[in-house]
Amino acid sequence: MEQRMMFWFVLLLLFSVKLALGVGYQDEFHEELFVKPLPSGHINTFFQFTTKWHYSDKGDLHHTHLAPRSLAEIFHVYSLRELHVSLTNVLWRYESWGYPVVEAGPGAEVWAWFDAQNDQNTPQRIDEQWRNLVATLSGLLCASLGFIDDTNTVQPHFTIRPQFYSSLPVNSSFVRYSTLPHEVVCTENLTPWKKLLPCGHKEGFLSLLNSHHIHVTNYHSLGIHVRQLSSARSPRKTLEIKQTVNLVYDQIVLGGKDWSVRKLFGQGLSGSCPLAESSKIYLDMTHCGHLDFSPPPENTVTSKRGGIETTFAVYDIKKEIPGRMFNLAAVRREEAKPSVTLASPPPLYAKRYILGVGQERGRIVTKIVNTHWAELNVIVQENIPWFVPIYLHTLTLKLANGQVIRPATIKYIPGRQRQRAYHLEVAFRLPARSTVEMSIHFDYIFLKWQEYPPDANHGHYLGSAIVAAQLPIARNFTAVPVDGSLFADSFNASRPGYYVQIRTESLLLTLPTPDFSMPYNVICLACTVVALAFGPIHNMSTKRIVILPKEAPKSLLATLRQKLGFAAKAKGQQETDSQSHEKSE
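Residues numbered from 1 in each chain as written. Predicted model: local features only at pLDDT ≥ 70, side-chain atom pairs only at ≥ 80, totals over all residues. Heavy atoms only, no water.

**A few points about the state of the cysteines**
The criterion, for reference: Only a pair of cysteine sulfur atoms within 2.5 Å counts as a disulfide in this structure description. Helix numbers and strand numbers start at the N terminus; a helix is a DSSP run of H or I with at least 4 residues, a strand a run of E with at least 2. Think of it in three bands: with a 1.4 Å probe and only protein chains considered, a residue is buried below 20% of the maximum accessible area for its type, exposed above 50%, and partly exposed in between.
Per the counting criterion, the structure on display carries one disulfide. What pairs with C199 in a disulfide is C273, and their sulfur atoms sit 1.3 Å apart. Pair noted here: C199 is in the loop between helix 5 (187-194) and helix 6 (211-214) and C273 is in the loop between helix 8 (261-265) and strand 10 (278-284), with a separation of 74 residues, a long-range link. Like C199, the residue C273 is buried in the burial classification. As a non-bridged cysteine, C142 has C186 as the owner of its nearest cysteine sulfur, 8.7 Å distant. Residue C142 is classed as partly exposed on the basis of its relative accessible area, which comes to 45%. Counting only cysteine sulfurs, C527 is the nearest neighbor of C524, a cysteine outside any disulfide, at a range of 6.8 Å.

Following this line, the structure appears as structure tokens:
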């Protein structure tokens, strides 16, 4: 009996070893932290967690290792090629901060590319898949993405470019884009976002992301970026999942011009994630000659990109002593003289606002500034809600000197009330060192009383516009190239052009609002009238009028008691005496 059990145990053990060796997971995980002191006195910290998974069949997406299974199944079920989700609080200040590593608009922003090679992806099916996708993401991230529907979704033709490889020409009918500018980012979004990573919240760089030190920053943004990479030469595919966190701290709030990891995040770094192949910190020390860094960097990298030279200090956390807290600190030198860093503005930035008097008509104005010495090809996308009707014939593009610019291409899809948003894409050439003002007129309309939000007097939000351009230089440009995955891939990554997407401010529009206090006033008035009418009627129908003789020595109260109370008591006493007399007999 024991020999038979031993035989089955050895057989089961060999089968398990063979099964484990046959799985052959081919995935890798990297964690990176990019720190950049900004000329405005702020500190920009960018976390990037990258998971790359090589697989051969879509059925493998049900059996994950390091990649989160929820995202892999979303890619498989909804037949996606690319997915981007961002939850952002506050606007990125391009004029003083430069360009972020990953662009994100205020509020919630979602866009996805569906698989064009899938014959079942018809336009009607894509619309249905899009609604199911945002509903799934809403539950996954505990966000209000379920409010995304056909009334705030558009199909960009020129602005949104795919980041995956495809042998087919780009077809804009397979992309969907939507924003929720009033979405608030809180701890309920950070917790499920952390659970998508393979390491625990107390391991690696993830241990620095404490909600107490994230939601007090001048800018914070959570992002999930998933894309499918494949090559025509190889049947194997790669699923790349990037989870990003972008934070901007104010040095004045931190207590001076010195900063450290402990000041920024409330604690030091205890080590790297055991599942990560690399854990590195990159510090931009180009304009930090007046600072001393502790510990000093063991390795520095000089990157020349687009005519701009940048120096990075590289810290490899994998080489740190296990169990020892790592704290990167920057201390101002004693001999350093007080200086003011002059920040060169980026080649392209934009502003957006509303003009108009009264609540009948207004104008949406987008001001785009080109500080470069050459002209730029610019595309502006507007996603206007259906309750803000715009008029295409009022679209104007003027320079500061009053010169009118003629657009090269206009893509306009008019909106339908309660069905579809207004979509506008304008392409034009922006002259060198100039500012163009693009404006379009709109009307204020009345909504049904049930279509107003609970805080109707606060106003309605309009999503931010997207200004896209191909920059010839990489000044203030820190994004990772499309053909790269890690932040280190941006070193010496010069290209003929650098594609940027600038998000403008989200506008707050106050529509004509009815007096919602009127029902309250009507209810109060009606209740008052009913109360005043009900009182006398109730008195007349329930009370008796008793005529009392005028008796001088007795008061009215004594008379009532005598007539009503004492009479009833005397009658009751007589009945009691009669019953007791009968019992005695």
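**As for the nonpolar core**
The tendency in soluble globular proteins is for nonpolar side chains to be buried side by side. Rules: Here the nonpolar core consists of buried residues drawn from Ala, Val, Leu, Ile, Met, Phe, Trp, Tyr and Cys, with membership extended through side-chain atoms lying within 4.5 Å. Contact criterion: two residues are considered in contact whenever any of their non-hydrogen atoms come within 4.5 Å of each other.
In terms of nonpolar packing, the biggest core is built from 81 residues, with F47, L133, W193, W259 and I281 touching the most fellow members. The element contributing the most residues to this core is helix 4 (residues 123-141), with seven residues. Residues contacting I281, with those up to four places away along its chain left out, are L33, V35, F205, L269, A313, V314, Y315, I317, F326 and L328. Among the nonpolar cores identified, the runner-up in size contains 53 residues, and W92, I364, W386 and V388 belong to it.

**A closer look at the sheet that holds strand 20 (residues 422-430)**
What counts here: At least two bridges found by DSSP between two strands is the condition for calling them paired. Lines fitted to the C-alpha atoms define the axes, with helices restricted to the stretch that makes contact. Angles between their N-to-C directions range from 0 to 180 degrees.
One open sheet accounts for five strands, arranged 19-20-17-23-24; its pairing is antiparallel. With one partner strand each, in any of the chains shown, strand 19 (409-413) and strand 24 (498-503) form the two edges of the open sheet. Ignoring which end each strand starts from, the neighbouring axes of this sheet average 15° apart.

**Thoughts on helix 2 (residues 69-77)**
What counts, and what does not: What the arc describes is the spread of directions from the helix axis to the C-beta atoms.
Residues of helix 2 that are buried include every one of L71, A72, I74 and F75, and no others. For helix 2, the angular spread of the buried residues around the axis is 160°, confining them to a single face. Considering only its buried residues, helix 2 is in contact with strand 2 (42-55), strand 3 (80-89), helix 4, strand 7 (219-230) and strand 8 (237-250).

**Topic: unusual backbone geometry**
That bond from S294 to P295 is cis: its omega, -5°, falls within 30 degrees of zero. The topology assignment puts P295 in the loop between strand 11 (291-294) and strand 12 (299-305). One non-glycine residue, S79, lies in positive phi territory at about 55°. With respect to the secondary-structure elements, S79 resides in the loop between helix 2 and strand 3. Phi is positive for V90, close to 75°, though the residue is something other than glycine. With respect to the helices, strands and loops of the structure, V90 is situated in the loop between strand 3 and helix 3 (94-97). Exposure remark for V90: the relative accessible area of 35% places this residue in the partly exposed category.

**Section: the packing of aromatic side chains**
Which entries qualify depends on this criterion: Whether two aromatic rings pair depends on their centres lying within 6.5 Å, for rings of Phe, Tyr and Trp, where Trp uses its six-membered ring; planes under 30 degrees apart make the pair stacked, over 60 edge-to-face, and the rest tilted. Consider the ring centre and the ring normal. A charge sits over the ring if Lys NZ or Arg CZ is within 6 Å of that centre and within 35 degrees of that normal.
Per the counting criterion, the structure on display carries 24 aromatic pairs. Here the aromatic rings of F29 and F49 are separated by 6.5 Å at their centres, their planes lie at 10°, and the arrangement is stacked. Remark: F49 occurs in strand 2 and F29 occurs in strand 1 (residues 27-37); sequence separation between them is 20 residues. Across the pair, F49 and F29 agree in class, each one buried. Residues W97 and Y219 carry aromatic rings whose centres are separated by 6.4 Å and whose planes lie at 70° to one another, so their mutual orientation is edge-to-face. In this pair, W97 is assigned in helix 3 and Y219 in strand 7, connecting sequence segments 122 residues apart. The exposure classification of W97 matches that of Y219, with both residues buried. An aromatic cluster of at least three residues, connected via ring pairs, comprises F29, F47, F49, W193, Y249 and F265. Taking NZ or CZ as reference, R161 lies 4.1 Å from the ring centre of Y499, over its face.

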